[in-house]
Amino acid sequence: MTHQAPKTDVNLESHLVNDDQDGMRLDRWIRRQFPGATQAQIQKWARTGQIRVNGKRCEASTRLEIGQQVRLPPGLQKDTAYREETKRTLSEKRPLRDPSLLTKLVLYEDAEVVVINKPSGLAVQGGTGLKENLDDSLMVFSVDGVTRPKLVHRLDRETSGVLLIARTAYAAAKLAAAFRTHETKKIYWGVTLGVPRPLQGRINDPIIKVGQKVRIASADDEESKSAETLYEVVENLHKKLAFVALWPLTGRTHQLRVHMAHKGTPLLGDPLYKRQETIDNILDLSGMSIGKGLHLHARRLVIPHPRRGIIDVTAPLSEEMQKTWKSLGFSTKIGDVFENMD
């Protein structure tokens, strides 16, 4: 006879800290996740041990790390302000009009994980003004129709490429831990306006989010986060445009876009961090077919599997980026330029 475990609403009791929340104060994290919770409540729950981080007592000011599990008190579910906010949030969920389309993007899958090739323009998570997003559509990958898959990391809306999804809570915890301890390798391909100098190197400039944008932090910015990127110029066209390979050693919001722009060589098609001059001012590309949108693609992901072996997945370029590669004469048969840097 099989025994069914009692049903619990995991989403309301245990929450995974993602890469965008790394370094955030616990109280701020809770208020952002659950606007109905007050500061006084948060401090009381922390003081009485009702909030736990990775099973341990914590303070309201505790700084969170990617991959940690935050356990919240059952009382939070009964709080009126929180309950009303939850109803509002649920009513604003924006799944894809046809979530089954996601199954056509699968690069790899098994009982624990799914890896897809996310197209540019698809938002990973919901936000103001977004009509649909991937996170609200993940049940299409559920193994049993009950357990909700979880995002382990994110890609910007404009960025295409490899995106990893955990099908079980066990897989989510294991994969998040791998990101936290830097056991992963994420390789991106991009095209820059101008050629980064030197042709290969390491960028180690902290960044800070200000509104919807991110900038290089100053010494006085207390909320800044470390950000480190390896890069290498693979090819260039007349020293005006470059095919670059990028390896972010940290996973900050807009990290690669800001680091490339800071070097004076922003990514082609970047609406936020572009240079004032257009591509037409840089190079005569008449007769060439240049793809639309941000030219940043998560090309490859290498990460330990939650139970066995290694996940190593490569995502083909999008149609728009393939146009650009073909027009500029860049090769897509390039191996991993960072292979000897593992």
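Just so we're clear, the structure is a prediction, and the values are computed from it rather than from any experiment. (Residues numbered from 1 in each chain as written. Predicted model: local features only at pLDDT ≥ 70, side-chain atom pairs only at ≥ 80, totals over all residues. Heavy atoms only, no water.)

### Section: the overall build of the chain
- The number of helices and strands found in the chain is nine helices and 16 strands.
- Considering the chain as a whole, with its 342 residues, one finds that 46% of them fall into the buried category.
- Considering only contacts within the chain whose residues lie at least 6 apart along the sequence, 68% involve residues at least 24 apart.
- Of the roughly 17,700 Å² of accessible surface on the chain, 49% is carried by carbon and sulfur atoms. (Helix = DSSP H or I, 4+ residues; strand = E, 2+ residues; numbered from the N terminus. Buried < 20%, exposed > 50% of the residue type's maximum accessible area, 1.4 Å probe, protein only. Contact = heavy atoms within 4.5 Å. Areas by Shrake-Rupley, 256 points an atom, 1.4 Å probe, with all protein chains shown as cover.)

### A short note on unusual backbone geometry
- Of the consecutive residues Arg197 and Pro198, the connecting peptide bond is found in the cis state with omega at -5°.
- Along the chain, Pro198 falls in the loop between strand 9 (185-193) and strand 10 (200-204).
- Not every positive phi belongs to a glycine, and His182 is a case in point at roughly 60°.
- Tracing the backbone through its elements, the reader meets His182 in the loop between helix 6 (169-180) and strand 9.

### A closer look at the environment of Thr184
- Among the structural elements, Thr184 can be located in the loop between helix 6 and strand 9.
- For the pair Thr184 and Pro304, spaced 120 residues apart in sequence, the C-alpha to C-alpha distance is 7.4 Å.
- If we skip the residues at most four places from it in the chain, Thr184 touches Ala178, Phe179, Trp247, Val302 and Ile303.

### Topic: empty space enclosed by the protein
- Evaluation of the coordinates by the stated rule reveals one cavity of 30 Å³ or more.
- A volume near 50 Å³ is recorded for the largest cavity.
- What lines the largest cavity is simply His153, Leu155, Val162, Lys186, Ile187, Tyr188, Ala298, Arg300 and Leu301.
- If you list the elements that add at least two residues to the lining of the largest cavity, you get strand 9 and strand 15 (296-304).
- For the lining of the largest cavity, the per-class residue count stands at six nonpolar, one polar and two charged. (1 Å grid on protein atoms, 1.4 Å probe; cavity = no way out; pocket = protein on both sides within 12 Å on 5 of 7 lines; lining within 4 Å. Points joined across faces, edges and corners; volume = space filled by probe spheres on them. Nonpolar A, V, L, I, M, F, W, Y, C, P; charged D, E, K, R; others polar.)

### Regarding helix 6
- In this model helix 6 runs 16 Å from its N-terminal to its C-terminal C-alpha over twelve residues, within 8% of the 16 Å that 1.5 Å per residue would give.
- Those residues of helix 6 lying buried are Ala171, Ala172, Leu175, Ala176, Ala177, Ala178 and Phe179.
- Close packing links the buried residues of helix 6 with strand 1 (14-16), strand 6 (113-118), strand 7 (150-151), strand 8 (160-166), strand 9 and strand 15.
- Positioned one or two residues after helix 6, His182 has a phi angle of 60°, which is positive. (Expected span 1.5 Å × (residues − 1).)

### Quick look at the nonpolar core
- Counting residues in each nonpolar core, the largest one holds 46 residues, and the members touching the most others are Leu134, Leu164, Ile165, Leu246 and Ile303.
- If you list the elements that add at least two residues to this core, you get strand 6, strand 8, helix 6, strand 13 (228-237), strand 14 (241-248), helix 7 (255-262), strand 15 and strand 16 (310-314).
- At six residues, helix 6 tops the list of elements feeding residues into this core.
- Residue contacts for Ile165: discarding those within four places in its chain leaves Glu112, Val113, Val114, Ile116, Leu134, Leu138, Phe141, Pro149, Lys150 and Leu151.
- With 17 residues, the next largest nonpolar core counts Val191, Leu193, Phe243 and Leu268 among its residues. (Core = buried A, V, L, I, M, F, W, Y, C linked by side-chain atoms within 4.5 Å.)

### Looking at the environment of Gln33
- Here Gln33 shows up in helix 2 (residues 26-33).
- Residue classification places Gln33 among the partly exposed residues on the basis of a relative accessible area of 32%.
- Taking the C-alpha atoms as reference points, Gln33 and His15, separated by 18 residues in sequence, lie 9.7 Å from one another.

### Digging into the packing of aromatic side chains
- Within this structure, the stated rule accounts for six aromatic pairs.
- Plain terms: the ring middles of Trp189 and Phe243 are 5.0 Å apart, the flat faces sit at 70° to each other, and that makes the pair edge-to-face. Pair noted here: Trp189 is in strand 9 and Phe243 is in strand 14, with a separation of 54 residues, a long-range link. In this pair, the class of Trp189 matches that of Phe243, namely buried. (Phe/Tyr/Trp six-rings, centres within 6.5 Å; stacked < 30°, edge-to-face > 60°.)

### A short note on the sheet that holds strand 2 (residues 52-53)
- Judged by pairing direction, the sheet is antiparallel, and its four strands sit side by side in the order 1-4-2-3 without closing on themselves. Both outer strands of the open sheet, strand 1 and strand 3 (56-57), are each paired with one neighbouring strand and no more.
- Pairing between strand 2 and strand 4 (residues 69-71): two bridges, direction antiparallel. Looking across to strand 4, one finds that Val53 is bridged to Val70. (Pairing = 2+ DSSP bridges.)

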